[in-house]
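Chains, contacts and geometry: an overview
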4 protein chains.
Amino acid sequence: MEPDKVDVVAEHADILQVGARNVQNFPLLRRVGDAGKPVLLKRGMATTIQEWLLSAEYVLARGNPNVILCERGIRTFEASTRFTLDLNAVPAVKTALASACPGRSEPRNGPLAVRRSRWPWPGSRPAPTGSSSRCIRDPEEALSDGPQSLKPERFAALMQRVRKIARAMDRDL
Amino acid sequence: MEPDKVDVVAEHADILQVGARNVQNFPLLRRVGDAGKPVLLKRGMATTIQEWLLSAEYVLARGNPNVILCERGIRTFEASTRFTLDLNAVPAVKTALASACPGRSEPRNGPLAVRRSRWPWPGSRPAPTGSSSRCIRDPEEALSDGPQSLKPERFAALMQRVRKIARAMDRDL
Amino acid sequence: MEPDKVDVVAEHADILQVGARNVQNFPLLRRVGDAGKPVLLKRGMATTIQEWLLSAEYVLARGNPNVILCERGIRTFEASTRFTLDLNAVPAVKTALASACPGRSEPRNGPLAVRRSRWPWPGSRPAPTGSSSRCIRDPEEALSDGPQSLKPERFAALMQRVRKIARAMDRDL
Amino acid sequence: MEPDKVDVVAEHADILQVGARNVQNFPLLRRVGDAGKPVLLKRGMATTIQEWLLSAEYVLARGNPNVILCERGIRTFEASTRFTLDLNAVPAVKTALASACPGRSEPRNGPLAVRRSRWPWPGSRPAPTGSSSRCIRDPEEALSDGPQSLKPERFAALMQRVRKIARAMDRDL
C-alpha cells in the first residue's frame, strides 16, 4: 500500500492491515497511525520481537492505541513448511507489553485481539485475547490468498471447536 | 553419551534419550537402536524435518520401532526466546510418517508419544499422540535442567488442564 | 523514502538507494524505476536471492536497466556479528543474470557495479564488477551510519590495496 | 567417528578432522584431544562462534594446543546455495583468540592454519594464517565428497593465484 492511499482505504475498511513486507516501512506506519482505524501489524519474516514492537510504536506515537500484532511465521532454515510460526512470540510480546504499557493489556482491546467487524459471520465479534487470534478469510470473496482461506461453513465449524477449547481453558469468546 | 556406554544406561533406564547435539551421531544411533529400549530422539537445533526422520531411520533399521520424535525448538534469528518451537513440525512429521510407514502412526505407540514409566506420578501413562507431548522433569530429582523442570504438584495441575482440553477436542489421554 | 518523494530526491542525487527494509516495497520500486537514475537495491535481511532478483525486475520493468544489487548481510542465528555477509550471493546472482539477461552482465554497467559519481575522491569511477563492490561513506558528511563510514584518507589507502589485489587477479579498476 | 576408534585413526593420519555434526560430541572431542595429533574442528551448521570456541576448549583442555578451526558454512534461510559461508567468523574468532589466549595467535601454528602434510603436492606446507584456509581434497583418492574435490592440476593453478594475491597483500605463504 502506498502511504498516500491510506486515506482512501481507511474510508472503506474497518481495519488497516500492514503486511509483513511493510513492517518497517516507517512513512506508511505513520500514515496508518493517523487514519483513525485499528491497525493489524503483521510481523515481518525476519523481524525480531523487539523491532516489531518498535514498529508498533510508530502507530501508537500518532495517538492510535488500537494496534493488533499478528504473528504470521518467520523465516528459518526449515524450508519444507514455508514459514515457522513463532508461538513463543505471543507470551514474549505480552510480557513486554505488560511491563511497558500495562494499560494496553486488557482482554478485549489488547494488541493481540482481532476485531473482525468486516466479516459477516456469527463470529464477527472481538476475538479472545490472552492468546493470539487466527487471521481468516472467505475464499469466495478473498482478493488475495484465496487458497489459504476458509469457507464460511468451515469457519463456523472451526469457531465451534475453538469455543469448546476456550471453555475448557476457562476463557470466554 | 558415548556409544559404548549405551548398554549400561539401557540396563537402568526405561527409555533412552538422544539429545539434540547427537541427532546425527550415527554410531550412537546404531547402538541405541540395538539396545531394545524406546528411544526419544530430540530434533537438532538446525536439523531439517527430513534429516530428523533420516536419523530416526538409523534406529528403526536396527529393528527397534519405538522411536519417539521430540521437537525441542530450532535455532533462528530470534534470540530473545533462545529457541523457536517449530510447531509445524508436528503435522509435517505425521504427514511424512503416514505416507511412509502407516503402521507406526497409531495412537498410543506412535513416534510422537512419550512413555513416561520412569516418572512416579499419576500421569505416568502413555501420553496422547495426535499431538506432540511435553517433556517433563521432577526438579528435585533432575540431574540436569532443574530450573526448567516442573514440580509434581504443578505437573498434576498441568495434567488436569491438559485432560480438559483433550476432552474438548474429543481426545482421550 | 516515501514513493512521492522519489522525484525530489532524484533531482539532487546521482543514484537512488533502496534500503534493505524497502526491498519489497513495490510502489517505491516502481517510482524509483521511473526516476531515470541508477538504482542501488540493497538485499533485505531475509530476502532470498530469487526474491531480490524479482524486486530488481520491478525497476527493470519500468525501462530502467541500471540496477545495482548490493549484498549487505543477511540475518542468521549468529548474533555476535550482527549480520552474516552472504558472499555466495555474488556468484549466485551472476549466474542467474548470465542465463536470464546476458546483456546486463558486461563489466562496467552490470548489476553489481557501483557508480560513485557522488563521491569527490580519486576513486569516483565505476567500480570493478566481476566482484561485488563495497559501499563507502565519508563519515564527516554522512547523514547516517557515520560510525561505519570511512574517512577519505583511509578510503584512499583501501583503494590502493584493492588496486593491488585486482592487479594480482588480472583485473582492472 | 566413534570415540573408541580415535586411536586407530590417529596411528595412520597426520591430522584428525572432527566434522560439523560432531562439533558438540564432547566424548569424541576429549578422545581426540588425547590423541596427540592436530585436530581440524569444523564449525557445526548451527554452532555459534562462541559455542565453537568452547568446543575447541575440550581439545585444548587435554593438553593439545593444535586445534584448527574450519568455517564451513552455516545454515540460514537461503537454501539456494546450501550453506552460507560466514566470513565474519574469521575476524571474530581471531579477535576472541587474541584476547583470550594470545600465545595461540602466532602466524604459522595458530588455530586457523591448515597443516596439509597428508597431501602429496607442492603446496603441502603450513597454509597462511591471518586468513582462513581452504580445505582441499584430491578427487581421485577422496573417500568422500569427491565431486567437491579439486584435481592436483587445478590445485596447483589455485595455489599460484593465491600466492599472487598473498604477495599483493604483503603476506607470505
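Residues numbered from 1 in each chain as written. Chains lettered and ligands numbered in written order. Predicted model: local features only at pLDDT ≥ 70, side-chain atom pairs only at ≥ 80, totals over all residues. Heavy atoms only, no water.

Looking now at the overall build of chain A. Looking only at helices and strands, chain A has 5 helices and 3 strands in total. Sequence-ordered secondary structure for chain A, helices as α and strands as β, is α-β-α-β-α-β-α-α. Split into buried and exposed, the 173 residues of chain A put 46% on the buried side. Taking the contacts inside chain A whose residues are at least 6 apart along the sequence as the reference set, 50% of them involve residues at least 24 apart. (Helix = DSSP H or I, 4+ residues; strand = E, 2+ residues; numbered from the N terminus. Buried < 20%, exposed > 50% of the residue type's maximum accessible area, 1.4 Å probe, protein only. Contact = heavy atoms within 4.5 Å.)

Moving on, we get to the interface of chain D and chain C. In this assembly, 26 residues from chain D lie in contact with 26 residues from chain C. Carbon and sulfur atoms make up 63% of the surface buried where chain D meets chain C, a total of about 1900 Å² over both sides. Applying the counting criterion to the chain D and chain C interface returns 4 salt bridges. Linking chain D to chain C there are 6 residue pairs in polar contact (both at pLDDT 80 or more). (Buried area = accessible area lost by both parts, 1.4 Å probe. Salt bridge = Lys/Arg side-chain N within 4 Å of Asp/Glu carboxyl O. Polar contact = N/O pair within 3.5 Å; in protein donor to acceptor, adjacent residues only side chain to side chain.)

A contiguous nonpolar surface patch, about 270 Å² in accessible area, is contributed by A:Leu85, A:Leu87, B:Leu85 and B:Leu87. Turning to its location among the elements, A:Leu85 is positioned in the loop between β3 (67-70) and α4 (89-100). Judged by relative accessible area, A:Leu85 falls into the partly exposed class, the value being 30%. (Patch = residues over 30% accessible without salt bridge, like charges linked within 9 Å, V, L, I, M, F, W, Y side chains within 5 Å. Areas by Shrake-Rupley, 256 points an atom, 1.4 Å probe, with all protein chains shown as cover.)

The subject of this paragraph is the packing of helix α5 (residues 152-168) of chain C against helix α5 (residues 152-168) of chain D. Between two packed helices, what matters for the description is the angle formed by their axes and the separation of those axes. With their axes 8 Å apart at the nearest point, α5(C) and α5(D) run at an angle of 160 degrees to one another. When the interaxial angle is binned, α5(C) and α5(D) end up roughly antiparallel. Both α5(C) and α5(D) take part in a crossing whose hand is right-handed. Here C:Lys164, C:Ile165 and C:Ala168 of α5(C) come into contact with α5(D), specifically with D:Lys164, D:Ile165 and D:Ala168. Each residue belonging to the contact of α5(C) with α5(D) can be placed in one class, and the counts come to 4 nonpolar, no polar and 2 charged. (Axes fitted to C-alpha atoms, helices over the stretch in contact; angles between N-to-C directions. Parallel < 35°, antiparallel > 145°, perpendicular 65-115°, else oblique. Left-handed = near helix turned anticlockwise from the far one by under 90°. Nonpolar A, V, L, I, M, F, W, Y, C, P; charged D, E, K, R; others polar.)

What follows is about the pairing of strand β2 (residues 39-42) of chain C. Look at any regular strand and the pattern is simple: side chains alternate between the two faces of the sheet. All names here are of chain C. Side chains of β2 alternate between two faces, with Val39 and Leu41 and Leu40 and Lys42 buried alike. Of the pairings in the sheet, the one linking strand β1 (residues 16-18) to β2 comprises 3 bridges and is parallel in character. Paired with valine 18 across the strands is leucine 41, a residue of β2. For the segment spanning β1, helix α2 (residues 26-34) and β2, crossover handedness is right-handed. The sheet contact formed by β2 and strand β3 (residues 67-70) spans 4 bridges and is parallel. Paired with valine 39 across the strands is valine 67, a residue of β3. Crossover connection from β2 via helix α3 (residues 49-60) to parallel β3: handedness right-handed. (Pairing = 2+ DSSP bridges. Right-handed = clockwise from strand over helix to strand, strands pointing away.)

Our focus in this paragraph is the environment of A:Ala168. With respect to the element layout, A:Ala168 can be found in helix α5 (residues 152-168). With relative accessibility at 13%, the residue A:Ala168 sits in the buried group. Beyond its immediate sequence surroundings of up to four residues, A:Ala168 is in contact with B:Lys164, B:Ile165 and B:Ala168.

Let us now look at the relation of the copies chain D and chain C. Of the transformation placing chain D onto chain C, the axial shift is 0.0 Å and the rotation is 180 degrees, giving an RMSD of 0.0 Å. On the angle and the small slide along the axis, the relation comes out as a two-fold axis. (Least-squares fit on C-alpha atoms with pLDDT ≥ 70 in both.)

Before going further, it helps to spend a moment on the relation of the copies chain B and chain A. For the pair chain B and chain A, the relating rotation is 180 degrees, the translation along its axis is 0.0 Å, and the fit reaches an RMSD of 0.1 Å. Most of the interface of chain B is mirrored in chain A: 100% of its interface residues are interface residues there too.

Between chain B and chain A, the contact holds 26 residues from the first and 26 residues from the second. Roughly 1900 Å² of surface becomes buried between chain B and chain A when both sides are summed, with 63% attributable to carbon and sulfur atoms. By the criterion of area lost to chain A, the three top residues of chain B are B:Phe77, B:Glu78 and B:Asn88, representing 27% of everything that side buries. Our count for the contact surface shared by chain B and chain A stands at 4 salt bridges. Residue A:Asp170 is joined to B:Lys164 by a salt bridge in which the shortest nitrogen-to-oxygen separation is 3.9 Å. Taken together, the links from chain B to chain A amount to 6 residue pairs in polar contact (both at pLDDT 80 or more). It is helix α5 (residues 152-168) of chain B that provides the largest number of residues to the side of chain B that touches chain A, a total of 4 residues. Considered class by class, the residues forming the side of chain B that touches chain A number 12 nonpolar, 7 polar and 7 charged.

This paragraph deals with unusual backbone geometry. The backbone of A:Arg82 shows a phi angle near 60 degrees, a positive value even though the residue is not glycine. We classify A:Arg82 as exposed; its relative accessible area is 60%.

In this fold, D:Thr84 is placed in the loop between β3 (67-70) and α4 (89-100). At 2.9 Å, the side chain of D:Thr84 and the side chain of D:Thr76 are in polar contact. Not counting the four nearest positions on each side in its chain, D:Thr84 is found in contact with C:Ile74, C:Thr84, C:Leu85, C:Asp86, C:Asn88, D:Glu71, D:Gly73, D:Ile74, D:Thr76 and D:Glu78.

This paragraph deals with the sheet that holds β1(C). Residue and element names in this part refer to chain C. One open sheet holds the 3 strands; their spatial order is β1-β2-β3, and the pairing between them is parallel. Only two strands of the sheet have a single neighbouring strand rather than two, namely β1 and β3. Between one strand and the next, the sheet's axes are offset by a mean angle of 20 degrees, whatever the strand orientation. Together, β1 and β2 form the strand contacts of α2, whose direction differs from that of β1 by roughly 165 degrees.

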